[in-house]
Amino acid sequence: MEFIRVFIKVKGIVQGVGFRPFVYNLAIENNLNGYVNNSSEGVLIDIEGNNESIEAFLNTLKVSPPPLSKIDSIEVVKLIFNNYSSFTIEKSLAQLDKITLISPDIALCKDCRKDILNKDNRRYKYPFTNCTNCGPRFSIIHNIPYDRKYTTMKNFKMCPECEKEYTSPDNRRFHAQPNACSICGPKIYVEDFKGSSLSEVDPLDFTREKLLEGYIFAIKGLTGFHLVCDGRNFASIESLRERKKRSDKPFAIMVKDLETAKSLCHISKMEEEILLSKERPILLLNIKDTCPLPSNIAPYQKTLGIMLPYTPFQELLFKDNLDVLIMTSANLSGLPLEYTNEKAKENLKDIVDYFLFHNRDIYIPLDDSVGKVLDDKFMLIRRARGYVPAPIKYTINNNILAAGSNMKNTFSIAKEDFIFVSQHTGDLQNIETLNHYKWNIDHFKKVFLFNPEIIAYDMHPNYLSSEFALEGYEGVKRFPVQHHHAHIVSSMVENNIDEPVLGIAYDGTGYGDDGKLWGGEILYSTLKDYKRLAHLEYIKMPGGEKAILEPWRMAVSYIYKYVSNSNNVLEALYDSNYKVIIKMLQANINSPETSSIGRLFDAVSSIIGIRNNISYEGQASIELESTIQKINDDTYGYELIESNPCQIINPEKLINELVQDKLNNKSKSYMACKFHNTVVNFTVELIEIFSKATGINKICLGGGVFQNSYLLLKLKKELEHHEFDVYTNSLIPINDGGISLGQLVIAEKSLLKVK
Ligand code: ZN
Ligand code: ZN
Ligand code: FE
C-alpha cells in the first residue's frame with residue numbers, strides 16, 4: 001500500500017457553507033491526516049494517507065460536496081510526505097487581494113424545520129434557527145472574511161450549548177456563523193403602530209390572532225420588512241391598498257405549503273421544484289378557475305405570485321385557517337425597501353396596525369426574487385434574495401463597474417473570472433433610491449475588494465445612474481453604452497455566445513444614438529458593436545413621460561397619424577380631451593418621437609378599451625396580454641418599408657384594421673390576440689430578411705416587453721419553426737435588470753486590455 005500526500009485547492013462558493021467540517025469528517029472517515037483551512041482563494045486541504053483512501057476522499061469531494069457549496073475547480077498537487085499525526089481544522093489565513101465568494105441567503109433547511117417543530121428539541125419554536133445549510137448570509141455580512149464578528153450577529157454571544165455546536169466538527173452547526181438559540185440569540189417582539197410595546201403577549205400567537213382578525217402588520221423578515229395581512233380577507237387587502245396607495249398592482253402571497261399553493265394555481269413539476277428550492281423565489285403561476293382568493297390580490301391578472309415560507313418565523317406563523325398571507329415588500333411608493341427597525345417605525349406607521357420586529361440587524365436589504373417558468377425554462381424577472389451575490393463565470397480583463405439602467409436598476413462589477421450582478425435596487429428616481437444605490441455599490445466594492453478602472457453607463461442623459469457614472473470616482477475611464485445593445489448582449493453573455501447575432505429588442509424606453517427614444521429595434525449585434533437594421537416607425541409621444549402614464553395619449557397619437565378620418569374615430573372612442581392632444585401633436589409641443597413597441601402595446605390596450613390610464617409600470621400591456629382568453633390565428637396588416645439606413649415597420653394597416661374591429665364590436669380577447677399575432681408576424685418576416693442577408697441564424701431577445709409570456713412564447717415557437725436558434729435571458733432579468741451585465745461586457749470588449 002502506497003502512502004502519499006496531496007495538496008488540494010477547492011475554489012467556488014466554499015465558505016460559510018459547512019465545507020471545512022465536511023472535509024474534516026471525510027478525512028476522519030478515511031483515516032487521513034493533515035489539515036484544512038479557509039483562504040480568500042478558497043478551501044485549502046493538505047492531506048496524507050494511503051492511496052486508496054485519498055482516492056475515496058477526492059471522489060466524495062467531487063461527487064457529493066455540502067449542499068450549499070458550488071465548486072468551480074479542484075486543483076490537486078502531490079507533495080513530499082510530511083507524516084502528520086492527526087487531522088485538524090486550522091484558523092483562516094489572512095486574505096490576499098483575492099475575491100471571496102459569499103453565499104446568498106438560504107431558506108430554512110429540512111433539518112432545522114424539524115428542530116423548530118419538535119417539542120423535545122431545544123430550538124422548538126425558535127424563529128432564528130439556522131445551520132451551515134441554511135439561514136442568513138449575504139444580508140448580514142458587513143465585511144470579509146465571513147466570520148461572526150463581521151456579521152450583524154457579532155452582538156450576540158453564544159451560550160455554552162451553541163458554542164459547543166459551533167466548535168464541534170461533527171455538528172451540523174459547526175462554524176455556522178449565525179448560530180443561535182432562544183437563550184443567546186435574537187428575539188421577536190411586537191409593537192403597535194404608535195410605538196407602544198406589547199411585552200405581555202406571545203409575539204407569535206398575537207401576530208397570528210391579529211392577522212386573522214384582519215389587522216395589517218409590518219413584519220421584519222430575513223432580508224427586509226414585509227407588509228402582511230390575511231390573504232383570504234378582502235377587506236384587509238382593500239385597506240392595505242388604500243393605505244399604501246397602491247390601487248391595482250398585484251400583491252405577492254405566501255402560502256402555508258405546497259398543497260395550499262396547488263389548490264390555488266396550476267403547478268408543474270418544475271415549478272414545484274422552484275417553489276421548494278433553497279432560493280424560494282416568488283413564482284408567477286397560472287391561477288385556477290376555482291381559486292377562491294379575493295380578486296383584489298391581483299386584479300385583471302391570469303397569474304398569481306406565490307412563495308413558500310423560507311424563514312423559521314414564517315414556518316411557525318402559518319396554522320390551520322391562516323394559510324394564505326399577503327406578503328409584499330414594505331416600502332413607500334418609489335422608495336427603497338425598509339430594513340431597519342427605526343426607519344420602518346417612522347415610515348410605515350400610517351400603513352400598519354402592528355409591527356413584528358426582531359433585533360438581528362439586516363445589513364444589506366434584498367427584495368424577494370420573482371420568476372416564472374416559460375416553456376420549461378426558468379426566467380427571473382427580479383433577481384435578489386437567494387440568488388445574489390452568486391456570480392456569473394466570465395473572464396474579464398478590466399476592473400469594470402456597470403452602472404445599469406434607471407428603472408429596475410441593478411449594477412454589475414467584474415473581477416478575476418467573475419461578474420457579480422447586484423440585487424434589484426429599484427427605480428432610481430429620487431435621492432433616497434440614489435443614495436441606497438451608491439451605498440450598495442460601496443458595499444460590493446468592500447466585500448469583493450474591488451476598485452473600478454472603467455465605468456460603463458447608459459447613454460440616456462437624464463438617468464441618475466448615468467449622472468452617477470459621469471461624476472463618481474476620479475481617474476476612471478467612462479464608457480457610454482446604448483440601451484438596447486446592452487439588452488441583447490446581456491442575453492448573449494448568459495447564453496455564452498460570442499459570434500454575431502440578430503437581436504430583437506422590444507422595450508418600453510431606451511435612449512437611441514440619434515437622440516430619440518428607441519424600443520422596437522432589430523439589431524445586428526456583436527459583444528462589441530451593433531448596427532440598427534430595422535425599427536418601428538417613429539411616432540410622437542404627446543406629453544413625453546405623461547404619455548407613458550396615460551396610454552390613451554398614445555392611442556390618440558397613433559389614430560391621428562394613421563387613420564384618415566381620425567376625428568370621427570376619436571370622437572367615437574374618446575371624450576373631447578383628445579382635441580388637446582391633437583393640438584399638442586400639431587404644434588409639436590413636448591412630443592418626443594419614439595420607436596417603442598411598449599408604447600404601441602399601450603396604444604392598442606387603450607383603443608381596445610382595456611386601459612386608458614395606468615397606476616403601475618406596464619399595466620396597460622400586462623392587461624392587454626391577460627385579456628387573451630381564446631386564442632385565434634388572425635392577424636392585422638403591416639408594411640415593411642425599405643429605407644436608409646434601416647427598414648421601417650409601418651403599422652398603418654394594423655391601426656386601421658384594429659379601429660375597424662373595435663367599431664364593429666369585436667371581442668377584446670379576439671383583438672388582443674390578433675394584435676399579438678401581428679407583432680410576431682412582422683418580427684419573423686424581418687428576421688428572415690436579415691438572416692438571408694447576413695447568414696446569421698442565432699437570434700437573441702431582450703427588453704421588458706418580452707415579460708409578455710404570450711408574445712415571447714409565440715415568437716420563439718415561430719422562429720424555431722423557421723429553424724432559427726432563439727436565446728433569452730434566464731437567471732438575469734430580460735428587463736432592465738439585465739442592462740448592467742450587457743453594459744459591462746460591451747465595455748470590456750471595446751476597451752480590451754489583455755493582462
Ligand atoms: Zn438548517
Ligand atoms: Zn444559544
Ligand atoms: Fe430596457
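Reference entry: report on the structure contained in this document. (Residues numbered from 1 in each chain as written. Chains lettered and ligands numbered in written order. Predicted model: local features only at pLDDT ≥ 70, side-chain atom pairs only at ≥ 80, totals over all residues. Heavy atoms only, no water.)

Details of helix H2 (residues 51-63)
Then, in step 1: Helix length check: H2 (13 residues) gives 18 Å between terminal C-alpha atoms against 18 Å at 1.5 Å per residue, within 8%.
Then, in step 2: Residues of H2 that are buried in the fold lie against strand S1 (3-13), helix H1 (19-29), strand S3 (42-50) and strand S4 (70-79).
Then, in step 3: Its side-chain oxygen 3.0 Å from the backbone nitrogen of Glu 52, Asn 50 forms the N-cap of H2. (Helix = DSSP H or I, 4+ residues; strand = E, 2+ residues; numbered from the N terminus. Expected span 1.5 Å × (residues − 1). Contact = heavy atoms within 4.5 Å. Polar contact = N/O pair within 3.5 Å; in protein donor to acceptor, adjacent residues only side chain to side chain.)

Brief notes about the coordination of the zinc ion (ligand 2)
Any two of four tetrahedral donors ideally make an angle of 109.5 degrees at the metal, while pairs among six octahedral donors ideally make 90 or 180 degrees.
Then, in step 1: For the zinc ion (ligand 2), the protein coordination sphere consists of Cys 159 (SG), Cys 162 (SG), Cys 181 (SG) and Cys 184 (SG), at 2.2 to 2.4 Å.
Then, in step 2: Between the four donor atoms coordinating the zinc ion (ligand 2), the angles at the centre fall across 103 to 118°, so the site counts as tetrahedral.
Then, in step 3: Read from N- to C-terminus, the donor residues coordinating the zinc ion (ligand 2) fall into the pattern C-x2-C-x18-C-x2-C. With a gap of 19 residues between them, Cys 162 in helix H4 (residues 160-167) and Cys 181 in the loop between H4 and strand S6 (188-192) connect regions that are remote in the sequence. (Donors = N, O, S within 2.8 Å, 3.2 Å for Na, K, Ca; no water. Tetrahedral: all angles 85-135°; square planar, octahedral: opposite > 155°, others 65-115°.)

Here we look at the packing of aromatic side chains
Then, in step 1: A complete count under the given rule lists 27 aromatic pairs for this structure.
Then, in step 2: When the ring of Tyr 35 is compared with that of Tyr 84, the centres are 6.2 Å apart and the planes differ by 80°; the resulting orientation is edge-to-face. Taken together, the residues span a long stretch of sequence, with Tyr 35 in strand S2 (residues 33-39) and Tyr 84 in the loop between S4 and strand S5 (87-89) at a distance of 49 residues.
Then, in step 3: Judged by centre distance (5.1 Å) and plane angle (90°), the ring pair of Phe 206 and Tyr 354 falls under edge-to-face. Within this pair, whereas Phe 206 is found in helix H5 (residues 203-212), its partner Tyr 354 is found in strand S13 (residues 354-358), the two being separated by 148 residues in sequence.
Then, in step 4: Overall, the relative accessible area of 13% leaves Tyr 354 in the buried class.
Then, in step 5: Cluster of aromatic residues (ring-pair linked, three or more members): Phe 138, Phe 411, Phe 418, Phe 420, Tyr 437, Phe 444, Phe 448, Phe 468 and Tyr 473.
Then, in step 6: A cation sits over an aromatic face here: Arg 385 above Tyr 310, 3.5 Å from the ring centre. (Phe/Tyr/Trp six-rings, centres within 6.5 Å; stacked < 30°, edge-to-face > 60°. Buried < 20%, exposed > 50% of the residue type's maximum accessible area, 1.4 Å probe, protein only. Lys NZ or Arg CZ within 6 Å of the ring centre and 35° of its normal.)

A short note on the coordination of the iron ion (ligand 3)
Then, in step 1: Protein-derived ligands of the iron ion (ligand 3) are His 483 (NE2), His 487 (NE2), Asp 507 (OD), Asp 507 (OD) and Asp 736 (OD), with the metal-ligand distances lying across 2.0 to 2.7 Å.
Then, in step 2: We note that the donor set of the iron ion (ligand 3) lies within a single chain, spaced as H-x3-H-x19-D-x228-D. Taken as a pair, His 487 in helix H13 (residues 483-494) and Asp 736 in the loop between strand S30 (725-727) and helix H23 (739-750) lie far apart in primary sequence, 249 residues in all. The same class applies to His 487 as to Asp 736, namely buried.

Some details on the pattern of salt bridges
Opposite charge on two side chains permits them to pair, given that their charged atoms come into close proximity.
Then, in step 1: Taken as a whole and assessed by the stated rule, the structure comprises 29 salt bridges.
Then, in step 2: In this structure, Arg 172 engages Asp 115 in a salt bridge whose closest nitrogen and oxygen atoms are separated by 3.1 Å. Within this pair, whereas Arg 172 is found in the loop between H4 and S6, its partner Asp 115 is found in helix H3 (residues 110-117), the two being separated by 57 residues in sequence.
Then, in step 3: With relative accessibility at 25%, the residue Arg 172 sits in the partly exposed group.
Then, in step 4: For the salt bridge of Asp 602 with Arg 599, the shortest nitrogen-to-oxygen distance reads 3.1 Å. Here Arg 599 and Asp 602 lie together in helix H18 (residues 597-608), a separation of three residues that amounts to about one turn.
Then, in step 5: Residues joined by salt bridges that share partners form a network here, namely Arg 122, Arg 123, Glu 161 and Glu 165. (Salt bridge = Lys/Arg side-chain N within 4 Å of Asp/Glu carboxyl O.)

Looking at helix H11 (residues 431-447)
Then, in step 1: In this model H11 runs 24 Å from its N-terminal to its C-terminal C-alpha over 17 residues, within 8% of the 24 Å that 1.5 Å per residue would give.
Then, in step 2: Residues of H11 that are buried include every one of Thr 433, Leu 434, His 436, Tyr 437, Asn 440, Ile 441, His 443, Phe 444, Lys 445 and Val 447, and no others.
Then, in step 3: The secondary structure elements touched by the buried residues of H11 are strand S17 (400-402), strand S18 (412-415), strand S19 (418-421) and helix H12 (464-471).
Then, in step 4: Where H11 ends, the next residue or the one after it, Leu 449, has phi of about 45°, a positive value.

A short note on the sheet that holds S5
In sheet architecture, strand pairing relies on hydrogen bonds along the backbone and comes in two forms, parallel and antiparallel.
Then, in step 1: Pairing is mixed in the open sheet, where five strands are placed in the order S4-S1-S3-S2-S5. The sheet is open, and its two borders are formed by S4 and S5, each paired with just one other strand. Within this sheet the neighbouring strands show an average axis-to-axis angle of 15°, counted without direction.
Then, in step 2: Inspection of the sheet shows S1 paired to S4 by nine bridges, in the antiparallel sense. Looking at S4, one finds that Arg 5 is bridged to Leu 79. (Pairing = 2+ DSSP bridges. Axes fitted to C-alpha atoms, helices over the stretch in contact; angles between N-to-C directions.)

A look at the nonpolar core
Then, in step 1: Counting 93 residues, the largest nonpolar core has Ile 8, Val 23, Ile 45, Ile 47, Phe 57, Leu 61 and Phe 217 as its most contacted members.
Then, in step 2: When sequence neighbours within four positions are dropped, the list of residues in contact with Phe 57 reads Ile 8, Val 23, Leu 26, Ala 27, Asn 30, Leu 32, Ile 45 and Ile 47.
Then, in step 3: Core analysis: the second largest hydrophobic core is formed by 73 residues, Tyr 506, Ile 610, Val 705 and Phe 706 among them. (Core = buried A, V, L, I, M, F, W, Y, C linked by side-chain atoms within 4.5 Å.)

Details of the environment of Phe 3
Then, in step 1: Mapping Phe 3 onto the fold places it in strand S1.
Then, in step 2: The exposure class of Phe 3 is exposed, given its relative accessible area of 52%.
Then, in step 3: In this structure, the C-alpha to C-alpha distance between Phe 3 and Val 489, residues 486 residues apart in sequence, is 51 Å.
Then, in step 4: Every residue in contact with Phe 3, bar those within four places of it in the chain, is listed here: Gly 49, Asn 50 and Phe 81.

A closer look at the sheet that holds strand S20 (residues 454-458)
Then, in step 1: Spatially, the six strands line up as an open sheet ordered S16-S19-S18-S17-S20-S21, and their pairing is mixed. In the strand order of this sheet, the two ends are held by strand S16 (392-393) and strand S21 (477-481), each with one partner.
Then, in step 2: Taken together, the five bridges between S20 and S21 define a ladder with parallel strand orientation. Across the sheet, Ile 454 pairs through a bridge with Lys 477, a residue of S21.

Points about the pairing of strand S22 (residues 501-511)
Then, in step 1: Of all eleven residues in S22, eight are buried; the element is thus mostly enclosed.
Then, in step 2: Two strands pair when backbone bridges link them, and S22 and strand S23 (residues 517-525) are joined in this way by eight bridges, in the antiparallel orientation. Directly across from Ala 505, in S23, lies its bridge partner Glu 521.
Then, in step 3: For S22 and strand S29 (residues 698-702), the ladder comprises four bridges, and the chain directions are parallel. Looking at the pairing, Leu 502 lines up with Ile 699 of S29.

With respect to the packing of helix H16 (residues 566-573) against helix H17 (residues 578-587)
Then, in step 1: Two elements in contact, H16 and H17, have axes separated by 10 Å at closest approach and are oriented at 145°. Between H16 and H17, the residues in contact are Asn 567, Leu 570 and Glu 571 and Tyr 578, Lys 579 and Ile 582, respectively.

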